[in-house]
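# Fold and geometry: a report
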Amino acid sequence: MTKNFDQTGNCELILALDIDDRSKAIELVKRSGESLNWIKIGLQMFTKYGPEYVREISDLGKKVFLDLKLHDIPNTVAKAIASASELPIDMLTIHTCGGREMMEWAVRSQQDHKPDLQLLGVTVLTSMDDEALAGIGVNRSAAEQVFALTALASDVGLSGLVCSPHEAAKVKSIHGNQFKLVAPGIRPVGADAGDQKRIMTPRLAAEQGADFIVVGRPIYQAEDPESVVKSVLEDLR
Ligand code: C5P
């Protein structure tokens, strides 16, 4: 099957497949239709099914976003990226709070081993608010911390970021098109928000500057995932 880029204009849809049953996941990927190009594999599925599962999804003609949020000493992160580079993946995440040196090693490893791989920095997890940051000794607001880490990521030449669609416009206004922005927390009009607090529709997120949107439950919990995929892509157009 051919893998296509950019069928939706400037903003692409990524399906976050956060379910723990491999055969159901594969069935869902098949039912999601050919207009969906990207699947996000997170810690849950990767820990359970490993590299073989990544290859299986790729063999179905999908691009893979491996969301491992690497955070360790520079040498370990660089080596993990070298190992991940052997997989058919197109995006991989690291934590920007691993610091300058870790990110420099990460970028170098990605460039050495898989130049086409989009390395994305995660700034502040959306589960962390100002109080939670204070609890680990970060005495500035979550928003300030996001922009400080974004500036550091920019300095070391990271070319992608995961960020809330609410931050996307500001990141674009400061850093132009340096970063590919990947935005979770997206809900099609009328969809249940679930535990997401600061949500946005696909179109609004794209207008705010998101290059990719990540949608999980509204698609994989739907009776007819393919029709939700179609309506999200329609909204993006
Ligand atoms: O089901 P839902 O659409 O809320 O899924 C969103 C996906 O994006 C999940 O895989 C979640 O882990 C991920 N994510 C997020 N917020 C972040 C980073 C990642 O919701 N800040």
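Since we're looking at a predicted model, the values are computed, not measured.

If you tally the helices and strands in the protein, you get 10 helices and eight strands. Structurally, the protein occupies a C-alpha span of about 45 × 35 × 30 Å along its principal axes. Here the protein, with 237 residues, has 52% of them falling under the buried criterion. Long-range pairs, those at least 24 residues apart, make up 70% of the contacts in the protein between residues at least 6 apart in sequence.

Moving on to the state of the cysteines. For the structure on display, the rule yields zero disulfides. With no disulfide of its own, Cys11 lies 11 Å from the sulfur of Cys163, the closest cysteine sulfur. Look at Cys11 and you get buried, because its relative accessible area is 4%.

Among the structural elements, Ile39 can be located in strand S2 (residues 38–42). The exposure class of Ile39 is buried, given its relative accessible area of 0%. On a C-alpha basis, the gap between Ile39 and Leu70 in space is 19 Å, while along the polypeptide they are 31 residues apart. Leaving out residues up to four positions away in the same chain, Ile39 has contacts with Ile14, Leu15, Leu17, Val29, Ile57, Lys62, Lys63, Val64 and Phe65.

Here the focus is the sheet that holds strand S1 (residues 12–16). Spatially, S1-S2-S3-S4-S5-S6-S7-S8 is the arrangement adopted by the eight strands of the closed barrel, whose pairing is parallel. On average, each strand axis in the sheet is tilted by 25° relative to the strand beside it, whichever way the strands run. Here S1 runs beside S2; their pairing, made up of three bridges, is parallel. Bridge assignment links Ala16 to a residue of S2, and that residue is Lys40.

Put simply, the largest pocket is a space of about 1,200 Å³. Taken together, 40 residues make up the lining of the largest pocket; nearest its centre are Leu125, Thr126, Ser127, Pro184 and Gln196. Elements represented by at least two residues in the lining of the largest pocket include exactly S2, helix H2 (43–59), strand S3 (63–70), helix H6 (142–155), helix H7 (165–175), strand S8 (212–215) and helix H9 (217–220). When grouped by side-chain class, the residues that make up the lining of the largest pocket number 18 nonpolar, 11 polar and 11 charged.

For H2, built from 17 residues, the straight-helix expectation of 24 Å at 1.5 Å per residue is missed by more than 12%, its first-to-last C-alpha distance being only 20 Å. Along H2, the helix axis deviates most sharply at Tyr49, where the bend reaches about 110°; the proline Pro51 sits within four residues downstream. Looking only at H2, the buried set comprises Met45, Phe46, Gly50, Tyr53, Val54, Ile57 and Ser58. Residues of H2 that are buried make contact with helix H1 (22–31), S2 and S3. Within two residues after H2, Gly61 carries a phi angle of roughly 90°, on the positive side.

Right, let's get into the packing of helix H3 (residues 74–84) against helix H4 (residues 100–113). Interhelical geometry of H3 versus H4 gives an angle of 25° and a closest axis separation of 8 Å. Comparing the axis directions of H3 and H4 gives the class roughly parallel. In the crossing of H3 with H4, the sense of the turn from one axis to the other is right-handed. Residue-level contacts link Pro74, Asn75, Val77, Ala78, Ile81 and Ala82 of H3 to Glu101, Met102, Trp105, Ala106, Ser109, Gln110 and His113 of H4. Considering only residue class, the contact of H3 with H4 consists of eight nonpolar, four polar and one charged.

Take the packing of aromatic side chains next. Here the structure, examined in full by the defined rule, presents two aromatic pairs. Pairing Trp38 with Phe212 gives two aromatic rings, centres 5.4 Å apart and planes at 75°, and the pair type is edge-to-face. Pair noted here: Trp38 is in strand S2 and Phe212 is in strand S8, with a separation of 174 residues, a long-range link. Here Trp38 and Phe212 have matching classes, each one buried. Here the aromatic rings of Tyr49 and Tyr53 are separated by 5.8 Å at their centres, their planes lie at 45°, and the arrangement is tilted. Taken together, the residues span about one helical turn, with Tyr49 and Tyr53 both in helix H2 at a distance of four residues. We classify Tyr53 as buried; its relative accessible area is 0%. The side chain of Lys40 reaches across the aromatic face of Phe65, ending 5.9 Å from its centre.

Each value, and the rule that gives it
Residues numbered from 1 in each chain as written. Predicted model: local features only at pLDDT ≥ 70, side-chain atom pairs only at ≥ 80, totals over all residues. Heavy atoms only, no water. Helix = DSSP H or I, 4+ residues; strand = E, 2+ residues; numbered from the N terminus. Buried < 20%, exposed > 50% of the residue type's maximum accessible area, 1.4 Å probe, protein only. Contact = heavy atoms within 4.5 Å. Disulfide = S-S within 2.5 Å. Pairing = 2+ DSSP bridges. Axes fitted to C-alpha atoms, helices over the stretch in contact; angles between N-to-C directions. 1 Å grid on protein atoms, 1.4 Å probe; cavity = no way out; pocket = protein on both sides within 12 Å on 5 of 7 lines; lining within 4 Å. Points joined across faces, edges and corners; volume = space filled by probe spheres on them. Nonpolar A, V, L, I, M, F, W, Y, C, P; charged D, E, K, R; others polar. Expected span 1.5 Å × (residues − 1). Bend = angle between axes of the 7 residues up to and from the residue. Parallel < 35°, antiparallel > 145°, perpendicular 65-115°, else oblique. Left-handed = near helix turned anticlockwise from the far one by under 90°. Phe/Tyr/Trp six-rings, centres within 6.5 Å; stacked < 30°, edge-to-face > 60°. Lys NZ or Arg CZ within 6 Å of the ring centre and 35° of its normal.

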